[in-house]
Amino acid sequence: MQKQEPLLSVRELSVAFKMRDCVLTAVDGVSFDLDRSQRLGLVGESGAGKSVTGFALLNLVSRPGYISGGHVFFEGRDLATVSEEEMRNIRGNRISMIFQDPMMTLNPVLTIGQQMIETLKAHRHISQHEAEKLALSKLQKVAIPSPEKRLTQYPHEFSGGMRQRIVIAIALLTSPSLIIADEPTTALDVTIQADIMELLLNLCEEEEMALLLITHDLAVVSQVAERIAVMYAGRIAELGSTEAIVNAPQHPYTQGLLKALPQKVERRKRLNQIPGSMPSLQERPPGCAFYDRCELRGEICHREIPRLEEKNGGLVACHMVKTVAGKEKK
Amino acid sequence: MRLFKKITGSNLFYNFLRDPMAIGSATVLLFLIVASFGAPIFAPHNPYDQTTIDIMDAELPPIWTGAADADSRFLLGTDPQGRDMLSTMLYGMRVSVLIGVGAVVLQSLIGIIIGLIAGYKGGRMEALLMRLADVQLSFSTYMVAIFISAVFQGIFGMGVYSDYALGLLILVIGFAEWPQYARTVRASVMAEKNKEYVEAARVIGLPQRRIMFRHILPNTMTPVLVISTVQVANAIMSEAALSFIGLGMPPSQPSLGSLIKSGFDYIASGSWWISLFPGIALVVLILSINLLGDWLRDYLNPKLYKD
């Protein structure tokens, strides 16, 4: 324990979906580490395998999907070998998850209080009174006004931003060491997005929780996360510190994403875009999945899948990125 | 008091007050139920008490017919055993309602649990349970009921049968119709289980049983509520039909169906009232339940808003 082992360590995680006549690999050999109270952003476009990765961490990939390879180590334990009973105790207790649409994730027929207390009772022996007290304190933490009254209300009596706050409060209940937030602000309007993100950030720091932020929004993730992993077609294309990714992206895909951000373009000019679209699961090429859209592509890219390697201080999966001398040891 | 306020303040109640059909049928239904369950208080005679029955009073016509043998004690006349029609009908309606509600409680219990498991687990479990439901449905209710009642009567004799008839009918009708519930609940569960709140409940680490019964089940109750009203009416009809062919309630503790039957033999000889009055009571009872069920269905289904 002296040598800090990472809180979460994902090794070559693969998730496949078994279809009638083929097996589609949605997540293909993803590896990353997440230290205690660190924040990692998982960025990628729709269908890149971000959310599936999130669910795979909790061993909750729903059929016909299944984890086809790799390991997830959480607090030193391999989650693949843990019994279903123990796994259930990790879910919601040590690892909490926040979803995109807070209207959908709260059960419409149960009051907020019932749902909060139920979560607590599922994981620890606690009296009704204590559970209520704890629920109240967490609601205060997420800045819900008059929480006593709110506990007896139903989800439809709250606004979207409030609901997401409540979802966060539920996630905080058991003081988990890791929160997986799957597009937590996508369903909210822009003014509230910033509030929620800030709240999440502050709470993570306060409670010393690690955060895995899954999003397609580079702007959001660069404000919150310390490190960013860019996913493309089921693989990690680039992984590095936020600063490095935003200021000096190496992978052509990351570069393309950053160029497409509106603030990088002069006014009255068309936004940059990456031509083409991500290959679907059925038509992944034998080589680099980004080949068709890449500006730097070479002959080797067509044949060989690039591995995630350390180049210039960050991890990049691209044949064409060359190590620049002098930048190596940084 | 709070509960009362909650009910009167609800949308359901608001909608109810604005639907004359609903108010009408609910009033009639309430009247029938109060009258039948309060029968020991309201009824002028006790048809179960053998000592008060005189066979010499048999088949007396209703008083208002003005017939010579009409007896002022019997408002609606008497049945072939000399019991007061009005009292017997009230007691009989109580039996009918008991069987109807009892059978539906049993049906829904079996059906909801099976439908919930089938819908949530899916796969082989679902295939097995739903095929079981199909098999059950392929026997008609009456066939199953006739079969079981006949076998029971054959083995234990009429005497024992009379003692257990009520429970047996609830069991038979309840068991024959559970697939209705299983199918309805399964369909709703399949729609609900892919919603994110179920995913969230799994992520929270709740055990499966808790997710099924506490999170999914309450969200599938709307259609269950609607078919329950129809099923109560159906169960009462089934019981009446069984009694009519002599396999339901025995004449000593008649239901509406067995009263109709006992009068049926005398219709040709002019004693029409023995069948007619229980028949009217049955029709009114079923009609009011069905109308109330229709209103409930319309209320709970926003797609069917009337203009």
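Criteria and cut-off values
- Within every chain, residues take consecutive numbers counted from 1 along the sequence as written.
- Chain letters and ligand numbers both follow the written order, the letters beginning at A and the numbers at 1.
- For this predicted model, a pLDDT threshold of at least 70 governs which residues receive local features, and a threshold of 80 or more governs which side-chain atom pairs are given and counted, while totals over whole chains, interfaces and linings are taken from all residues.
- With C-beta atoms placed from the backbone, a contact is any residue pair whose C-beta atoms sit within 7 Å.
- Helix numbering and strand numbering both begin at the N terminus, where a helix is a DSSP run of H or I of at least 4 residues and a strand a DSSP run of E of at least 2.
- Under the scheme applied here, ten amino acids are nonpolar (Ala, Val, Leu, Ile, Met, Phe, Trp, Tyr, Cys and Pro), four are charged (Asp, Glu, Lys and Arg), and all others, including Gly, are polar.
- As used here, a nonpolar core is made of buried Ala, Val, Leu, Ile, Met, Phe, Trp, Tyr and Cys residues. They are joined through C-beta atoms within 7 Å.
- Exposure classification rests on a simple neighbour count of other C-beta atoms within 10 Å of a residue's own: a residue reaching 20 or more is buried, one at 12 or fewer is exposed, and one in between is partly exposed. C-beta atoms are placed from the backbone.
- Helix axes use the C-alpha atoms of the stretch in contact, all axes being lines fitted to C-alpha atoms, and the angles between their N-to-C directions lie in the range 0 to 180 degrees.
- Orientation categories follow fixed angle ranges, with anything under 35 degrees roughly parallel, anything over 145 roughly antiparallel, 65 to 115 roughly perpendicular, and all other angles oblique.
- In this scheme, a crossing is called left-handed if the near helix is turned counterclockwise away from the far one by less than a right angle; it is called right-handed if the turn is clockwise.
- When DSSP finds two or more bridges between two strands, those strands count as paired.
- Think of pLDDT as the predictor's per-residue confidence, scored from 0 to 100.

Student: Explain the interface of chain A and chain B to me, please; I cannot follow it from the model alone.
Tutor: Interface extent is often summarised as the accessible area lost during association of the parts. Across the contact, 19 residues belong to chain A and 13 residues belong to chain B. Among the secondary structure elements, those contributing two or more residues to the side of chain A that touches chain B are helix H2 (84-90), helix H3 (102-105) and helix H4 (112-123) of chain A. The greatest single-element share of the side of chain A that touches chain B, amounting to three residues, is contributed by H4 of chain A. In terms of residue class, the side of chain A that touches chain B is built from nine nonpolar, seven polar and three charged.

Student: What is the right way to read the nonpolar core from this model?
Tutor: Soluble globular proteins tend to pack their nonpolar side chains together in the buried interior. Ranked by size, the top nonpolar core spans 114 residues in total, and within it Tyr232 and Ile236 of chain A carry the most contacts. Per-element accounting of this core gives the leading share, eight residues, to helix H7 (residues 160-172) of chain A. Listed in part, the 44 residues of the second largest apolar core include Leu32, Ala39, Met249 and Trp273 of chain B.

Student: Sorry, what's going on with the packing of H4 of chain A against helix H5 (residues 128-141) of chain A here?
Tutor: Relative placement of two packed helices is described by the angle separating their axes and the distance separating the axes. All names here are of chain A. The N-to-C vectors of H4 and H5 enclose an angle of 115 degrees; their axes lie 9 Å apart at closest approach. The pairing of H4 with H5 is recorded here as roughly perpendicular in orientation. Relative to H5, H4 is oriented so that their crossing is right-handed. When H4 is examined against H5, the residues Gly113, Met116, Ile117, Leu120 and Lys121 are found in contact with a partner set consisting of Gln128, Ala131, Glu132, Leu134 and Ala135. Taken together, the residues of the contact of H4 with H5 sort by class into six nonpolar, two polar and two charged.

Student: What is the right way to look at the pairing of strand S2 (residues 23-34) of chain A in this model?
Tutor: Successive side chains on a regular strand alternate, one facing one side of the sheet and the next facing the other. All names here are of chain A. Alignment of strand S1 (residues 8-18) against S2, held across eight bridges, turns out to be antiparallel. Directly across from Ser9, in S2, lies its bridge partner Asp33. What sits between the antiparallel neighbours S1 and S2 is a turn of four residues.

Student: Sorry, what's going on with the confidence of the model for chain A here?
Tutor: Interpreting fine coordinate detail is not advised for predicted regions of low pLDDT. Per-residue confidence for chain A averages 85 on the pLDDT scale, and 95% of its residues sit at or above 70. In this model, residues 326-330 of chain A is a region of pLDDT below 50 whose contacts with residues beyond four sequence positions or in other chains number four contacts.

Student: Please explain the sheet that holds S2 of chain A as it appears in this structure.
Tutor: The strands making up a sheet associate through backbone hydrogen bonding, with each pair oriented either parallel or antiparallel. All names here are of chain A. Ordered in space as S2-S1-S4-S5, the four strands form an open sheet in which the pairing is antiparallel. Unpaired on one side and paired on the other, S2 and strand S5 (77-78) mark the two borders of the sheet. Across eight bridges, the pairing between S1 and strand S4 (residues 65-74) is antiparallel. Bridged to Phe17 within S4 is Gly65. Contacts between helix H1 (residues 50-57) and the sheet are confined to S1, S2 and S4, with S2 contributing the most and set at about 70 degrees to the helix.

Student: Would you mind going over the sheet that holds strand S6 (residues 95-98) of chain A with me for this structure?
Tutor: All names here are of chain A. In spatial order, the strands read S6-S7-S8-S3-S9-S10-S12-S11; together these eight strands make up an open sheet with mixed pairing. The open sheet has two edge strands, S6 and strand S11 (309-311), and neither has a second partner. The mean inter-strand angle of the sheet, taken between neighbouring strand axes irrespective of direction, is 20 degrees. Bridge count for strand S9 (residues 227-232) against strand S10 (residues 235-241) is six bridges, and the pairing is antiparallel. Residue pairing for S10: Met231 is matched across the bridge by Ile236.

Student: What exactly am I supposed to notice about the environment of Ser62 of chain A here?
Tutor: Residue and element names in this part refer to chain A. Here Ser62 lies in the loop between H1 and S4. C-beta crowding within 10 Å serves as the criterion here: with 13 such atoms nearby, Ser62 is assigned to the partly exposed category. With 259 residues separating them in the primary sequence, Ser62 and Val321 have C-alpha atoms 37 Å apart.

Student: How should I be thinking about the confidence of the model for chain B in this particular structure?
Tutor: In the predicted model, chain B carries a mean pLDDT of 86, and 98% of its residues have values of at least 70. In the model output, the complex is listed with pTM 0.75 alongside ipTM 0.72.

Student: I tried to follow unusual backbone geometry on my own but got confused; where do I start?
Tutor: Backbone phi values are negative for most residues with the exception of glycine, while trans is the configuration of most peptide bonds. Residue and element names in this part refer to chain A. Backbone geometry places Glu183, a non-glycine residue, at a positive phi of 50 degrees. Along the chain, Glu183 turns up in the loop between strand S7 (178-182) and helix H8 (190-207). The exposure class assigned to Glu183 is partly exposed, which follows from the 19 C-beta atoms found within 10 Å. One non-glycine residue, Ala233, adopts positive backbone phi at about 50 degrees. As for its placement among the helices and strands, Ala233 is situated in the loop between S9 and S10. The buried category is assigned to Ala233, around which 24 C-beta atoms lie within 10 Å.

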